[in-house]
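One-letter residues, chain by chain:
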Amino acid sequence: NKQILFRDFLTGYPKESNMVLSTGTIRLKLPSCEQGSDSKAILVKNLYLSCDPFMRHMMTPEGGGYAPPYTPGSPIVGFGVAKVIDSRHPDFKKGDLVWGITGWEEYSLISEPTVLFKITDTDVPLSYYIGVLGMPGLTAYAGFYEVCSPKKGEYVFVSAASGAVGQLVGQFAKLMGCYVVGTAGSNEKVHLLKNKFGFDDAFNYKEEPDLNMALKRCFPEGIDIYFDNVGGPMLDAVILNMRSHGRIGLCGLISQYNREKPEGIYNLMPFLVKCVRMEGFRVPHYYHMYPQFLELALKYIREKKLIYVEDTVEGLESAPAALIGLFAGRNVGKQPRKWFKR
Ligand code: NDP
């Protein structure tokens with residue numbers, strides 16, 4: 001059983017020497033003693049294996065917060081398409097085609113298949129199940145339709161746009177009737193975006209001296225939706241060009257995965273891993289809620305469930321110092337600018 005083993009945890013860019021080709025042995029039948037036991041193990045022959053950016057996270061001891069990190073000395077774990085050779089699992093039988101989490105080896109013994117789906121439609125290339133019909137496809141679909149909540153006619157920007165996820169997001173956005181611009185790291189990829197995937201426009205970010213200007217050129221009226229696959233300086237520039245009520249789907253931060261020191265906006269990984277939502281809001285949009293707020297606040301104040309600390313200064317002449325004091329933390333509680341005593 002040929003395998004690619006993960007050598008050890010690493011920092012910086014992964015190298016081929018971090019992964020070692022090895023030959024192990026495997027019985028091509030599940031042990032009969034497992035028969036009738038609780039085992040749900042299945043044995044598969046791997047047909048296609050996928051390379052995905054998230055695998056870099058598994059090469060650090062923390063696993064990036066996604067899943068358990070790789071075990072040094074064990075086969076690399078990742079998505080694949082496989083054929084079931086033997087099964088103790090009620091949902092899978094010998095001969096089934098499946099896609100999901102398997103190993104970088106010819107045969108894998110999957111003791112607890114948690115992410116494994118039976119393939120029923122075989123009139124398309126089987127490799128699609130690690131791409132457009134697999135994890136990247138679902139990422140593009142859920143990320144665009146659910147997280148970005150697109151509407152017809154909106155301005156959509158996609159980074160790493162020619163990649164596994166990005167090319168699909170761009171096409172979904174076009175199918176939705178949006179105006180779509182993509183960015184990628186070579187002129188060949190830019191050509192693909194415009195001529196194969198149907199993006200309205202595209203640019204090579206490596207040839208743009210100023211990303212902010214590039215975005216202003218492509219989106220004179222600003223961006224409604226940014227499907228972010230890269231993070232870093234591109235995200236910084238995009239934020240400057242977002243329209244009111246725009247949405248940013250934080251799908252990936254690939255520009256940061258191999259950096260020992262992050263670049264651009266810091267500390268965004270927990271947003272992604274913990275599905276944290278950050279949303280700007282402005283109170284003028286909520287004045288219609290004032291009557292319900294007033295009713296609740298008065299009730300709580302009268303019931304002494306809501307207390308309020310004020311920090312009052314006397315006289316108009318004290319107002320400038322009081323205002324400046326806010327930025328030095330001199331106020332305790334609400335600083336009212338009180339012009340006269342009642
Ligand atoms: P891709 O097929 O897009 O491959 C990665 C691409 O990223 C490269 O081809 C390269 O394209 C681009 N890239 C690499 N380094 C940089 C960099 N420093 N700055 C900018 N671009 C860079 O990968 P996927 O489509 O599979 O994944 C895209 C993103 O989505 C990744 O960040 C990934 O982690 C994330 N992802 C997130 C998921 C989720 O559940 N949130 C699930 C799946 C993927 P180019 O030449 O254009 O630079």
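Numbering of residues starts from 1 in every chain and runs along the sequence as written. Totals for whole chains, interfaces and linings use all residues, but because this is a predicted model, local features are given only for residues with pLDDT of at least 70 and pairs of side-chain atoms are given and counted only at 80 or more. The basis for every side-chain value is the complete set of heavy atoms in the structure, and neither hydrogens nor water enter the calculation.

As for the confidence of the model for the protein chain
Here's step 1: A residue's pLDDT is the predictor's confidence in that residue, given on a scale from 0 to 100. The predicted model of the protein chain has a mean per-residue pLDDT of 91, with 96% of residues at 70 or higher.
Here's step 2: Both scores are given for the predicted complex: the pTM is 0.90, the ipTM 0.99.

Overview of the sheet that holds strand β11 (residues 223–228)
Here's step 1: Here, a strand pair is defined by DSSP locating no fewer than two bridges between the strands. Segments assigned H or I by DSSP are reported as helices when at least four residues long, segments assigned E as strands when at least two residues long, and all are numbered from the N terminus. Ordered by their spatial adjacency, five strands build an open sheet running β10-β9-β8-β11-β12, and the pairing between neighbours is parallel. Pairing within the sheet leaves two strands with one partner each, and these edge strands are β10 (201–204) and β12 (242–250). This sheet shows a mean twist of 15 degrees between the axes of neighbouring strands, independent of strand direction.
Here's step 2: As defined by bridge partners, strand β9 (residues 179–184) adjoins β10 across four bridges and the pair is classed as parallel. Bridge pairing in β10 links Val181 to Asp201.
Here's step 3: In what follows, residue pairs with any heavy atoms lying within 4.5 Å of each other are defined as contacts. Axis angles are defined between N-to-C directions and span 0 to 180 degrees, where every axis is a line fitted to C-alpha atoms and, for a helix, only to the segment in contact. The sheet contacts of helix α2 (residues 166–175) involve β8 (155–158), β9 and β11, and relative to β8 the element is tilted by about 170 degrees.
Here's step 4: Contacting β8, β9, β10, β11 and β12, helix α5 (residues 232–240) runs over the sheet at an angle of about 155 degrees to β12.

Points about the packing of helix α4 (residues 211–218) against α5
Here's step 1: Interhelical geometry of α4 versus α5 gives an angle of 50 degrees and a closest axis separation of 9 Å. On the basis of the axis angle, α4 is oblique to α5. For the pair α4 and α5, the crossing hand works out as right-handed. Between α4 and α5, the contacting residues are Leu211, Asn212, Leu215 and Lys216 on the first element and Pro233, Met234, Ala237, Val238 and Leu240 on the second.
Here's step 2: Each residue gets one label: Ala, Val, Leu, Ile, Met, Phe, Trp, Tyr, Cys and Pro are nonpolar, Asp, Glu, Lys and Arg are charged, and the others, such as Gly, are polar. A per-class count over the contact of α4 with α5 returns seven nonpolar, one polar and one charged. Orientation categories follow fixed angle ranges, with anything under 35 degrees roughly parallel, anything over 145 roughly antiparallel, 65 to 115 roughly perpendicular, and all other angles oblique. If you view the pair so one helix is near and one far, a crossing is left-handed when the near helix is turned anticlockwise from the far one by less than a right angle, and right-handed when it is turned clockwise.

Considerations on the sheet that holds strand β6 (residues 107–110)
Here's step 1: A sheet is described by the order of its strands in space; here five strands give the open sequence β6-β3-β4-β5-β7, paired in antiparallel fashion. Unpaired on one side and paired on the other, β6 and β7 (116–118) mark the two borders of the sheet. Between one strand axis and the next, the sheet turns through 40 degrees on average, direction left out of account.

Topic: a nonpolar patch on the surface
Here's step 1: For patch building, the residue pool is restricted to those with more than 30% relative accessible area and no salt bridge; the joining distance is 9 Å between like charges and 5 Å between nonpolar side chains (Val, Leu, Ile, Met, Phe, Trp, Tyr). Only the protein chains shown count as cover for residues, and all accessible areas are computed by the Shrake-Rupley method using a 1.4 Å probe. Whenever Lys or Arg places a side-chain nitrogen within 4 Å of a carboxyl oxygen from Asp or Glu, that contact is recorded as a salt bridge. Together, Phe281, Val283, Tyr286, Tyr287 and Met289 give the surface a local cluster of nonpolar side chains, amounting to about 550 Å² of exposed area.
Here's step 2: Using a relative accessible area of 63% as the deciding quantity, one classes Phe281 as exposed. Three labels apply to residues, based on accessible area from a 1.4 Å probe with only protein chains included: buried if under 20% of the type maximum, exposed if over 50%, partly exposed otherwise in between.

Examining the pattern of salt bridges
Pairing is possible between side chains that carry opposite charge, provided their charged atoms lie close to one another.
Here's step 1: Here the structure, examined in full by the defined rule, presents 13 salt bridges.
Here's step 2: Measuring nitrogen to oxygen at the nearest pair gives 2.6 Å for the salt bridge that ties Glu154 to Arg247. Of the two residues, Glu154 is situated in the loop between α1 (135–147) and β8 and Arg247 in strand β12; the sequence distance between them amounts to 93 residues. Judged on exposure class, the residue Glu154 and its partner Arg247 are both buried.
Here's step 3: One salt bridge in this structure joins Asp224 and Arg243, with 3.4 Å as the shortest N-O distance. Residue Asp224 is found in strand β11, and its partner Arg243 is found in strand β12; the two are separated by 19 residues along the sequence.
Here's step 4: By relative accessible area, which is 30% here, Arg243 ends up partly exposed.

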